[in-house]
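The primary structure of each chain is shown beneath.
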Amino acid sequence: MIENSIRSHALKSVALTTLIARRFHLTPNHNSDSSYVVLQVITDTTPVEIHLEDNQSEALIQFDCYSASPQTAKAIAAEIEAIFHKQGFVDDAVKVQLALKQNRIPDFETGSSLYRESYEYIFKYNEV
């Protein structure tokens, strides 16, 4: 499950944790009320193995960065970009070769009065 590895890697960033503490969620069911991130796996595909080779997987991941101020939501998104865009990392579960930012989705949540800055990334990885 690449999402656990992504979360753990992101929370190693002092700049990000200064903005959100440890409020980096893998589900929309949480009790954070401001300055947090929700990670959603949109797709996670692994091609069929040919000749018993380990093929590269590709996951489309959406980061939703929320805050009461639009500047802070943008700052959180900028830290996500600094951590992942055109970067790779390795942990006990995955070896990410590359993450590429695909789309930006700005929004304002009228019900919660929070600003949202969302980005979609493609992660290319292999399981360890």
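Preceding this section is the structure that the text describes.
The notes below deal with the structure included here. (Residues numbered from 1 in each chain as written. Predicted model: local features only at pLDDT ≥ 70, side-chain atom pairs only at ≥ 80, totals over all residues. Heavy atoms only, no water.)

## Overview of helix α1 (residues 2-10)
Within α1 the residues assigned to the buried category are Ile 2, Glu 3, Ser 5, Ile 6 and Ala 10. Within α1, the buried residues cover an arc of 160° as seen down the axis, which keeps them to one side. (Buried < 20%, exposed > 50% of the residue type's maximum accessible area, 1.4 Å probe, protein only. Helix = DSSP H or I, 4+ residues; strand = E, 2+ residues; numbered from the N terminus. Arc of directions from axis to C-beta.)

## A few points about the pairing of strand β3 (residues 57-67)
Where burial is concerned, most of β3 is hidden: 10 out of the 11 residues are buried. With nine bridges connecting them, strand β2 (residues 36-45) and β3 associate as antiparallel partners. Looking at the pairing, Asp 44 lines up with Ala 59 of β3. Examined bridge by bridge, β3 and strand β6 (residues 114-127) share 11 bridges and lie antiparallel to one another. Pairing of Asp 64 across the sheet is with Ser 118, part of β6. (Pairing = 2+ DSSP bridges.)

## Structural notes on the packing of aromatic side chains
Applying the stated rule across the entire model yields eight aromatic pairs. Taking 6.3 Å as the distance between ring centres and 70° as the angle between the ring planes, the aromatic pair formed by Phe 24 and Phe 63 counts as edge-to-face. Residue Phe 24 is located in strand β1 (residues 24-25), and its partner Phe 63 is located in strand β3; the two are separated by 39 residues in the primary sequence. Its relative accessible area of 1% is what places Phe 24 among the buried residues. Taken together, Phe 24, Phe 63, Phe 84, Phe 89, Tyr 121 and Phe 123 form an aromatic cluster joined through their ring pairs. (Phe/Tyr/Trp six-rings, centres within 6.5 Å; stacked < 30°, edge-to-face > 60°.)

## A few points about helix α3 (residues 70-84)
An ideal rise of 1.5 Å per residue puts 21 Å on 15 residues; α3 measures up with 21 Å between its terminal C-alpha atoms. Burial in α3 covers these residues: Ala 73, Ile 76, Ala 77, Ile 80, Ile 83 and Phe 84. Taken down its axis, α3 places every buried residue within 120° of arc, on the same side. Exposed side of α3, more than 90 degrees from the buried face: Gln 71 and Ala 82 are the residues found there. Among the residues trailing α3, Lys 86 stands out with phi positive, at a value near 60°. (Expected span 1.5 Å × (residues − 1).)

## Thoughts on the side chain of Ser 13
Tracing the chain through its elements places Ser 13 in the loop between α1 and α2 (14-20). The contact partners of Ser 13, leaving out residues within four places of it in the chain, are Glu 79 and Ile 83. (Contact = heavy atoms within 4.5 Å.)

## What to know about the nonpolar core
Of all hydrophobic cores here, the largest spans 26 residues; its most connected members are Ile 6, Phe 24, Phe 63, Phe 84 and Phe 123. For this core, the secondary structure elements donating two or more residues are α1, α2, β2, β3, α3, β5 (94-109) and β6. Element by element, the count of residues in this core is highest for α3, at five residues. Excluding residues that lie within four positions of it along the chain, Phe 24 makes contacts with Arg 7, Ala 10, Leu 11, Leu 16, Val 37, Leu 39, Phe 63 and Ile 80. (Core = buried A, V, L, I, M, F, W, Y, C linked by side-chain atoms within 4.5 Å.)

## Topic: the environment of Ile 83
Note that Ile 83 resides in helix α3. Each C-alpha atom, one on Ile 83 and one on Ile 6, is 9.9 Å from the other, the two residues being 77 residues apart in sequence.

## With respect to the environment of Ser 32
Inspection of the secondary structure puts Ser 32 in the loop between β1 and β2. For the pair formed by Ser 32 and Tyr 66, sequence separation is 34 residues and the distance between their alpha carbons is 9.8 Å. Residue contacts for Ser 32: discarding those within four places in its chain leaves Arg 23 and His 25. At 2.7 Å, the side chain of Ser 32 and the side chain of His 25 are in polar contact. (Polar contact = N/O pair within 3.5 Å; in protein donor to acceptor, adjacent residues only side chain to side chain.)

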